[in-house]
Amino acid sequence: ENLKPLPRPDGKRDEATGFLRGEWLGGDKAVAEILDRDSKQVYDTSIEKNLELCEDKQKWRDWMQFVMGKPQPEQAAAASALLGEDRTERSG
């Protein structure tokens, strides 16, 4: 009915940012990991690859499949064409 955040049971602010009085869907640890990754991506000059596109690609796909459900065959084919990948084996 409304989009107000749910208050934390302990009444404290989140550990990841220190600003939010609600709870992150993925938890404080997940948000802290994303913030750390993003900080490295922007400020660490020794990083030579995009940290968002490395080995976590399948992890992201699995999470999105869990959230959105399995893609229909035509959706998987369209995504494969867009990304230039053969994903037909994984979508079934």
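The model shown is predicted, which means the values in this text are computed figures rather than measured ones. (Residues numbered from 1 in each chain as written. Predicted model: local features only at pLDDT ≥ 70, side-chain atom pairs only at ≥ 80, totals over all residues. Heavy atoms only, no water.)

**Notes on the pattern of salt bridges**
So, step 1. All told, the structure shown has five salt bridges when counted by the stated rule.
So, step 2. When the shortest N-O distance is used, the salt bridge between Asp 36 and Lys 40 registers 3.4 Å. Here the residue Asp 36 and the residue Lys 40 both occupy positions in helix α1 (residues 28-43), the gap between them amounting to four residues, near one helical turn.
So, step 3. A relative accessible area of 41% places Asp 36 in the partly exposed class.
So, step 4. Between Arg 37 and Asp 38 there is a salt bridge, with the nearest N and O atoms lying 2.9 Å from each other.
So, step 5. In this structure Asp 38 comes out as partly exposed when scored by relative accessible area, which is 28%. (Salt bridge = Lys/Arg side-chain N within 4 Å of Asp/Glu carboxyl O. Helix = DSSP H or I, 4+ residues; strand = E, 2+ residues; numbered from the N terminus. Buried < 20%, exposed > 50% of the residue type's maximum accessible area, 1.4 Å probe, protein only.)

**Describing the environment of Val 31**
So, step 1. Inspection of the secondary structure assignment puts Val 31 in helix α1.
So, step 2. Given a relative accessible area of 13%, Val 31 falls into the buried group.
So, step 3. Along the primary structure Val 31 and Thr 17 are separated by 14 residues, whereas in three dimensions their C-alpha atoms are 8.3 Å apart.
So, step 4. Those residues in contact with Val 31, other than ones at most four positions away along the chain, are Ala 16 and Trp 24. (Contact = heavy atoms within 4.5 Å.)

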